[in-house]
Amino acid sequence: MRRVIVVLQEDEDQCASGGAFSVDLTCNEFLESLTRNMRAVGMRASYTIEGPVRPLGRATESLLYRVSREALTNAAKHAPGAPVRLSLTFAPRTVSLTVHNGRPLQRPVCVGDSGGLGLRSMRDAVHAVGGRLKAGPSEDGGYRTAAVIELPVGSVTE
């Protein structure tokens, strides 16, 4: 579990310092890489993409990086051993990121309330760009985080 959190933290540090994940990779490439990293340290992670991939702009891509890292960190802490599915969906006027983890299969690392600051901060950031974020328990006993962001007029496809 510590290795999973270290990988997530390394990605965050690289973004903060202008490293490869903040500049050189598209969101799609970042999520593919992040999913591979999570599998390499033992997380049962999968990634799917739907719709025609297109550039999102640096601000949108950075926001989706942040949402994915926060949701994966929460899954690693609160649902160890559970499968985690990431899905990036390009629709004509929006891009959506969903991270869903199943029911924990091992005892969670954090058994108490973590304060919810990461989730609150993530929600505020998505709302600040006019997007929507839903996060909460799923019907299968897991947890789902879903962000939907409106695309700028120039990047909308008909």
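A.B. asks: I'd like to hear about the overall build of the protein, residue by residue, with values.
C.D. replies: If you tally the helices and strands in the protein, you get 5 helices and 5 strands. Starting at the N terminus, the α and β elements of the protein follow one another as α-α-α-β-α-β-β-α-β-β. Across the 158 residues that make up the protein, the buried fraction comes to 44%. The contacts of the protein with a sequence gap of at least 6 include a subset with a gap of at least 24, amounting to 68%. Accessible surface for the protein amounts to roughly 8400 Å². Of this, 53% is attributable to carbon and sulfur atoms.

A.B. asks: Give a detailed account of the sheet that holds strand β2 (residues 84–90), specifying residues and quantitative values.
C.D. replies: Within the open sheet, the 5 strands sit side by side as β1-β2-β3-β5-β4. Their pairing is mixed. In this open sheet, the two edge strands, each paired with only one partner strand, are β1 (45–50) and β4 (132–137). Across the sheet, the axes of successive neighbouring strands diverge by a mean angle of 10°, strand direction being ignored. For strand β3 (residues 94–101) and strand β5 (residues 143–150), the ladder comprises 8 bridges, and the chain directions are antiparallel. Within the sheet, the bridge partner assigned to Thr94 lies in β5 and is Glu150. Across the sheet, helix α4 (residues 58–78) lies against β2, β3, β4 and β5, angled at about 10° from β3, the strand it touches most.

Calculation rules
- All residue numbers here refer to positions counted from 1 along the written sequence of the relevant chain.
- Note on the predicted model: pLDDT of at least 70 is required for a residue's local features to be given, and 80 or more for side-chain atom pairs to be given and counted; whole-chain, interface and lining totals, by contrast, use all residues.
- Heavy atoms throughout the structure, all of them, feed into the side-chain values; hydrogens and water do not.
- The way it works is that DSSP assigns letters per residue, a run of H or I at least four long becomes a helix, a run of E at least two long becomes a strand, and they are numbered from the N terminus.
- Relative accessible area decides the class of each residue, using a 1.4 Å probe on protein chains only: under 20% of the type maximum gives buried, over 50% gives exposed, and in between gives partly exposed.
- The contact definition used throughout considers only heavy atoms, calling two residues in contact when any of these lie within 4.5 Å.
- Computed with a 1.4 Å probe, the accessible areas rest on the Shrake-Rupley method; for each residue, only the protein chains presented here act as cover.
- Any two strands with at least two DSSP bridges between them are considered paired.
- Fitted lines through C-alpha atoms serve as axes, helices being fitted only where they are in contact, and the angles separating the N-to-C directions of these axes extend from 0 to 180 degrees.

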